[in-house]
Structures are given as structure tokens and as C-alpha cells.
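Each chain, letter by letter, is given below.
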Amino acid sequence: MTRASPLLAACLAVGLAVAAFPVPAAEAPFEPGLMRLAEVLGSLHFLRNLCGEKGDHWRAEMEKLLESENPDPDRRARFIASFNRGYRSFSGIYTQCTPSATEAIARYMKEGETLSRDIASRYGN
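Residues numbered from 1 in each chain as written. Predicted model: local features only at pLDDT ≥ 70, side-chain atom pairs only at ≥ 80, totals over all residues. Heavy atoms only, no water.

Colleague: Could you give me a rundown of the state of the cysteines, with the residues and numbers involved?
Modeller: This structure, assessed with the given rule, holds one disulfide. The disulfide that involves Cys51 links it to Cys97, with 2.0 Å between the sulfurs. With the S-S bond torsion at 95°, the cross-link from Cys51 to Cys97 turns out right-handed. Pair noted here: Cys51 is in the loop between α2 (31-50) and α3 (57-69) and Cys97 is in the loop between α4 (73-91) and α5 (99-123), with a separation of 46 residues, a long-range link. Classification of Cys51 by relative accessible area gives partly exposed; the value is 26%. A residue is classified by how much of its surface remains accessible, and Cys97, at 35% relative accessible area, is partly exposed. (Disulfide = S-S within 2.5 Å. Helix = DSSP H or I, 4+ residues; strand = E, 2+ residues; numbered from the N terminus. Buried < 20%, exposed > 50% of the residue type's maximum accessible area, 1.4 Å probe, protein only.)

Here it is as C-alpha cells:
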């Protein structure tokens, strides 16, 4: 019986240690697409304003996405980081609207539309 006691104590200690650390929730299958959509919105916010569209239309679209997702604080921070990454990825390159900037707009518009449609059709209610 004395041999079982140290083994039992070790098993209990490991069990308690594992229980003390919460297991992160599994990422939803649509999460990477939503994060990419946030990045696309950030890119469009910069590029469209650079090329003559004034206003916060794309930032407002991001706010709608956040509102519809109602994420917890950590997830919200990831959404915002993705949006900002998209914005900064072009703000460091373009200082004026160029043909390549307008091509990037066209590509990002198409990608954003595709992401939105695919996420909604696969995972929407």
C-alpha cells in the first residue's frame, strides 16, 4: 500500500496541474477567413482613401463585422490587429494612388467579396 501512495499522489498532482491550466477553445473553421476579411478591410480602408474615396466606409464595415461577431476581448484584439496589419501593409508602400494601387483595390474587393460569400454560405445560418 505504501508503493501505491506515491504513485497516487503523483497522479493527483499531475491531474491538478493540468486542470489548473484552461484548455484553449478550438478555433472555429471559419476563423482564419474572418481574420483575413478583417485584413482585407484594413487594406481597402487605406487604399480607397488614397485613391480618392474619402470617409470611413471600410472602417464602418469592420465595425459591423465586430458587432455581428460580438467577440470576447482577446478575439476582438485579433480582429483589430488584422485590420491594422492590412492598413499598414499598404501605408508603408504607397504615398499616392498609382495603377498598381488601383489594381490592388480591385483584387482586394474581389477577395473580400469571395471571403464574405464563402463564409456566409458555408457557415451561415
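Moving on, there is more to tell.
Colleague: Pulling in residues and values, what's your account of unusual backbone geometry?
Modeller: If you check the backbone angles, Asn70 has positive phi at about 45° while not being a glycine. Residue classification places Asn70 among the exposed residues on the basis of a relative accessible area of 65%.

Colleague: Explain the environment of Arg88 residue by residue, including any values.
Modeller: With respect to the secondary-structure elements, Arg88 resides in helix α4. Overall, Arg88 belongs to the exposed group, its relative accessible area being 54%. Linking Arg88 and Phe46, residues 42 residues apart in sequence, is a C-alpha distance of 8.1 Å.

Colleague: Could you give an account of α4, naming the residues involved and the relevant values?
Modeller: For α4, spanning 19 residues, the distance from its first C-alpha to its last is 26 Å, which sits close to the expected 27 Å at 1.5 Å a residue. All of the buried residues in α4 are Arg75, Phe79, Ser82, Phe83, Gly86 and Phe90. Viewed end-on, α4 has its buried residues packed into an arc of 90°, placing them on one side of the element. Summarising the geometry of α4, the exposed residues directed more than 90 degrees from the buried face are Pro73, Asp74 and Arg88. The inward-facing, buried residues of α4 abut α2, α3 and α5. (Expected span 1.5 Å × (residues − 1). Arc of directions from axis to C-beta. Contact = heavy atoms within 4.5 Å.)

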